[in-house]
Amino acid sequence: MLNKLSQFLNPNTEIPSTLPSYYYEGNCPQTGELLKLPRTPLAEAIAEGLMQQLQQNEIYSREGKMYGILLVELPNGDQRVIKAFSGLLNSCSVVEGWVTPIPGREDIALAEAQTLAELAAIKQEIITLKQLPEREEYAILSAEFQQQLQILSLQHSQSKRERQEKRQQLGENITIETITQLEAESRQQGIERKYLKRRQNEVLQPLQQIINAADTKIRELKQQRKELSRQLQTQMHAAYSLTNFSGKSLSLQQLLPGGTPTGTGECCAPKLLHYAATHGLKPLAMAEFWWGNSSVQDKKQGEFYGACVERCQPLMGFLLSGKHKHSAQGKEEIIYEDQWLIAVNKPSGLLSVPGRYFHNQDSVLSRLRNWYNVELMAVHRLDQETSGILLLAKDVFTHSQLNQQFQKRQIHKVYEAILAGNLIINEGVIDLPLWGNPENRPYQTVDLERGKPSLTRFRVIRKEGDYTRIEFIPQTGRTHQLRVHAADVRGLGMMILGDKLYGCSAEISRLYLHARELSFQHPHLGKNLYLQTKTPF
């Protein structure tokens, strides 16, 4: 049921760094808070991978329906994918590898089976009534009588013209005997028409009565079928129970007291969110798409669609309630937050922002975007192996203002590190330009010709056995600046402990580099904000 991302994506799948194209959203019934779940570029890429799998089996193309995926996070932080289909798949509600239906159907399984059997019998009776032999007999005889009447009408029209011509030719010389003869001919033709019509009624009327009775019965059966379906839907919606991320369960009838449209609870989104909530999975992003033949004009194979207005959208607020409680919050400890910005204590090993490919999408930014209902933006970045203070903005203006402070070197940063050796000098300045080879990213080297100016102040805190605890105050913000300035012989000539990229061979689980302090001018409050965290080593 829990699929690895690699089952839908290959390692070279590039994920666009664009914002989500759609949000599943609704207001929490308790707090009124607007809750959102994005359809991210990563979710769309996973869904496209599922489309490729569906394309390989023709059974998925026979009946058009919605399919969906939900990207989730396990309690240990790993990411997995669950998938669902709307309604039934090949007449089955439970299919291996797909999430199970919303519970409740089994509680009314007997009633459902009985009702479905009645509906099938009604359907067959309607088909039988529509295929009555009298209908075909009536159609054939009716056509024959129409043809006879048409022929008779043509004959009588011709005779009438001939009688008129004869009257005109004789004029005043016409005799009483001739007039009597012409009128008798006209009356005889009228009698012939009446006889044929009477014969038509005698033959067709009994058949028409049988057909009318059948049509009346069909209308009654359709009304009966409609009532049975409505009763079954009511039973199902009273039995169907949805659970949200707060652990609260309600029936569809309770959630939609004003009425539940047919198919409510059978769509992908409710299935996926209910499954995630009942299995301790944190929802990260979701995507739904149409696949297969479509009798619905506005649905196209392979296109993404949002929550359907009648059946899914009214459930979103309830289903998304409590999703923040299932986050891995604490790993990314929030050390400061206001209405404009957030500062977190990033752990070592977690990216600051999503990477280019699917396997490195997990990051502080992507996690926080799933917890907040605003478009967070990273103001700066820390290396994946580096821990410490990371600053994020909640709006474009704040992001722009803080960016300018970084560019103008108005933000004060202090890092703490442990060097793999004993440093002789206690403090100083390292001024070595850095250059990154485009063919060997992200590795940086000191390059006096092509390198960008890079300046770092340092101060030894204390010696710890064979190691040196040191404080770095970077004046510029180049990639891997502190790591290269420490490792290069023209700098300190001593690697930061755990920095395998720049030559440290010690068997250490992390890089001993921590962004300990950050101070800057708050863009809105007009005061200096000073942030500090405890060094975790």
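The protein is annotated in an unreviewed UniProt entry as RNA pseudouridylate synthase of Trichormus variabilis SAG 1403-4b. UniProt, in its Catalytic activity (unreviewed entry) section for the protein, records the words "a uridine in RNA = a pseudouridine in RNA".

Draft legend 1. Region of the structure containing the packing of aromatic side chains. A complete count under the given rule lists 8 aromatic pairs for this structure. Where Tyr60 meets Trp98, the ring centres are 6.3 Å apart and the plane angle is 45 degrees; that geometry is what we call tilted. Here Tyr60, found in helix H2 (residues 59–62), pairs with Trp98, found in the loop between strand S4 (79–85) and helix H3 (109–130); they are 38 residues apart in sequence, far enough to count as distant. Each of the two residues, Tyr60 as well as Trp98, counts as buried. Where Tyr67 meets Trp98, the ring centres are 5.7 Å apart and the plane angle is 50 degrees; that geometry is what we call tilted. Here Tyr67 is found in strand S3 (residues 65–73), whereas its partner Trp98 is found in the loop between S4 and H3, with 31 residues between them in sequence. Assigned by exposure class, Tyr67 and Trp98 land together as buried. Taken together, the ring pairs in this structure connect Tyr60, Tyr67, Phe85, Trp98 and Phe289 into an aromatic cluster.

Draft legend 2. Seen up close, the confidence of the model for the protein. Per-chain confidence: the protein averages 88 in pLDDT, with 93% of residues scoring 70 or above. Segment residues 326–331: pLDDT under 50, and 16 contacts once partners within four positions in sequence are set aside and those in other chains are kept.

Draft legend 3. Region of interest: the domain arrangement of the protein. According to the domain assignment, the protein consists of domain 1 (5–105 + 242–320), domain 2 (123–236) and domain 3 (333–532). Here the C-alpha centroids of domain 1 and domain 3 sit 38 Å apart. Each partner contributes to the interface: domain 1 provides 23 residues, whereas domain 3 provides 12 residues. Summed over both partners, the interface of domain 1 with domain 3 buries about 1500 Å², with 47% contributed by carbon and sulfur atoms. Considering only the side of domain 1, the residues that lose the most area to domain 3 are Glu14, Ile15 and Lys282, jointly responsible for 27% of the buried surface there. Summed over the shared surface of domain 1 and domain 3, the number is 1 salt bridge.

Draft legend 4. Summary view of helix H7 (residues 268–278). Most of H7 is tucked away: 10 of the 11 residues are buried. Listing the buried residues of H7 in full gives Cys268, Ala269, Pro270, Lys271, Leu272, Leu273, His274, Tyr275, Ala276 and Ala277. Those residues of H7 that are buried are in contact with strand S2 (34–39), S3, S4, strand S5 (241–243), strand S7 (282–291) and helix H8 (316–320). Downstream of H7 by one or two residues, Gly280 has phi in the positive range, about 65 degrees.

Draft legend 5. Summary view of the sheet that holds S4. The antiparallel open sheet is built from 4 strands, whose spatial order is S4-S3-S7-S8. Two strands close off the open sheet at either side, each with one partner strand: S4 and strand S8 (304–305). In the sheet, S3 pairs with S7 via 9 bridges, with the strands oriented antiparallel. Within S7, the position partnered with Leu70 by the bridge is Met286.

Draft legend 6. Looking closely at the pattern of salt bridges. This structure, assessed with the given rule, holds 21 salt bridges. Shared partners join several salt bridges into a network, and the residues in it are Glu416, Arg459, Arg462, Glu464, Arg469, Glu471, Arg516 and Glu517.

Draft legend 7. Representation of the nonpolar core. Judged by nonpolar contacts, the single largest core of 38 residues is most densely connected at Leu70, Ile82, Leu242, Leu272, Leu273 and Met286. Looking at this core, the elements with two or more residues in it are S2, S3, S4, helix H6 (252–255), H7, S7 and H8. For this core, the element with the highest residue contribution is H7, accounting for 7 residues. If we skip the residues at most four places from it in the chain, Leu70 touches Leu37, Arg80, Val81, Ile82, Leu272, Leu273, Ala276, Pro283, Ala285 and Met286. Val344, Val353, Ala486 and Ala487 belong to the second largest nonpolar core, which has 37 residues in total.

Criteria and cut-off values
- Residues numbered from 1 in each chain as written.
- Predicted model: local features only at pLDDT ≥ 70, side-chain atom pairs only at ≥ 80, totals over all residues.
- Heavy atoms only, no water.
- UniProt positions renumbered as here; feature names shortened; annotations may be inferred.
- Phe/Tyr/Trp six-rings, centres within 6.5 Å; stacked < 30°, edge-to-face > 60°.
- Helix = DSSP H or I, 4+ residues; strand = E, 2+ residues; numbered from the N terminus.
- Buried < 20%, exposed > 50% of the residue type's maximum accessible area, 1.4 Å probe, protein only.
- pLDDT = per-residue confidence, 0-100.
- Contact = heavy atoms within 4.5 Å.
- Domains from an automatic or database assignment.
- Buried area = accessible area lost by both parts, 1.4 Å probe.
- Salt bridge = Lys/Arg side-chain N within 4 Å of Asp/Glu carboxyl O.
- Pairing = 2+ DSSP bridges.
- Core = buried A, V, L, I, M, F, W, Y, C linked by side-chain atoms within 4.5 Å.

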